[in-house]
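Observations on the three-dimensional arrangement
As a plain string of letters, each chain reads:
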Amino acid sequence: MPHLAIQRPDGDKRLKLEDQPITIGRARENIVVISHKHVSRRHCVIERHDDTFQLRDLGSLSGTLVNGKSVSIVSLSDNDKIQIGPFELWFYDSEPTEDMPAQSADSVSSPELEEPPTGMDIDPRSITLLDDSGLMPALEDAAVDATPSPETKVIPVPTPPPVPPPTPAIDTKALDALRAEHENVTSRLHDRIDVLEQKHVSAQAANQDYAARIDSLTTTLEAKEKELQTLQGDLEQGRAKLNEKVDALSALRDSQEAELKKLAQAKQELESKAAGFTEQIARQDGEIKRVTEAAAEEKQTL
């Protein structure tokens, strides 16, 4: 049976994986609750897909590691190590065996976690790994073969060990004031983390939108560049044809100018000849007139 092994100082806690998604995060509505500053309210989720289980990061700030590598979505395999903040969970695809790798408590807790646990209210639908005070509560093993209710997974909570009475040297009022201040600071930090997470998600969405717009503009620019190259090629071809036509017209103009020069010279020659003919005709007219007058005088004489 696939299950999660949750590393704890007091021993591994196992959570059987079925069709219900297993949400993990700092918020109390998660199935596995980890109240730690490096864990987001909705950090990640483990879901069944056909015969496999997939882990999907929900946009957490610190990220989710599987076998030491940061992932956004990945199919889990047997003996995969999942790291969420300073905590480690192990995914197993079958029933646990005696040679299951044992992880030390130091790998999942800081020195403060070795103090005696304090009492806290635990949602019966969830497993709480760490409370707001930074202390890890001790839970009984959640047996893999336990029969769950139709809607929830009930994990028994042990009775907290008796707390010895405070020594007279402890100032309870000062201690209560420090605890209240600690809770106030923790609450403000969590609120600030929530705001930062929202900004982070918004920034991721904006980055994706900008990336899509950049890709679209890049595609459009590439198409325009190809169109421009085509137009430049057509322009070069048109310019070459125009130069050919200009050269042809220039040659025709030179030819016509030479022909016009020839015609002008021929005109001058014709005009010169016409003037000579006119003078010759004028002389002949004068000669005819004299002959006519001489003939008239001779006739009168007779």
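Because the structure is predicted, anything quoted here is derived from the model rather than measured.

Criteria and thresholds
Residues numbered from 1 in each chain as written. Predicted model: local features only at pLDDT ≥ 70, side-chain atom pairs only at ≥ 80, totals over all residues. Heavy atoms only, no water. Salt bridge = Lys/Arg side-chain N within 4 Å of Asp/Glu carboxyl O. Helix = DSSP H or I, 4+ residues; strand = E, 2+ residues; numbered from the N terminus. Buried < 20%, exposed > 50% of the residue type's maximum accessible area, 1.4 Å probe, protein only. Pairing = 2+ DSSP bridges. Axes fitted to C-alpha atoms, helices over the stretch in contact; angles between N-to-C directions. Core = buried A, V, L, I, M, F, W, Y, C linked by side-chain atoms within 4.5 Å. Contact = heavy atoms within 4.5 Å.

Under the criterion given, the structure shown has 10 salt bridges. Of the charged contacts, one joins Asp194 and Arg26 as a salt bridge, the two residues approaching to 2.7 Å between their closest N and O atoms. Remark: Arg26 occurs in the loop between β3 (22-25) and β4 (32-34) and Asp194 occurs in helix α1 (residues 172-301); sequence separation between them is 168 residues. For Asp194, a relative accessible area of 15% puts it in the buried group.

This paragraph deals with the sheet that holds strand β8 (residues 69-71). Hydrogen bonds between backbone groups are what pair the strands of a sheet, and the pairing can be parallel or antiparallel. Pairing is antiparallel in the open sheet, where 6 strands are placed in the order β2-β1-β11-β10-β7-β8. A strand with exactly one partner marks an edge of an open sheet, and here the two such strands are β2 (13-16) and β8. When the angles between neighbouring strand axes are averaged without regard to direction, this sheet yields 30°. Bridge count for strand β10 (residues 80-84) against strand β11 (residues 87-92) is 5 bridges, and the pairing is antiparallel. The residue of β11 that forms the bridge with Asp80 is Phe91.

What follows covers the nonpolar core. Formed by 22 residues in total, the largest nonpolar core has its most connected members in Leu4, Ile22, Ile24, Ile46, Ile82 and Ile84. Counting residues per element, the ones that place at least two in this core are β1 (3-6), β3, β4, β5 (44-49), β6 (52-57), β10 and β11. For this core, the element with the most residues is β11, which contributes 3 residues. Discounting residues that sit within four places of it in the chain, Ile82 has contacts with Leu4, Ile46, Leu55, Thr64, Leu65, Val66, Leu76, Phe87, Glu88, Leu89 and Phe91.

Notably, Asn67 is not glycine yet its phi reads approximately 55°, a positive angle. Summarising the element assignment, Asn67 is placed in the loop between β7 (64-66) and β8. Its identity is not glycine, yet Asn79 carries a phi of approximately 70°, on the positive side. With respect to the helices and strands, the residue Asn79 is situated in the loop between β9 (73-75) and β10.

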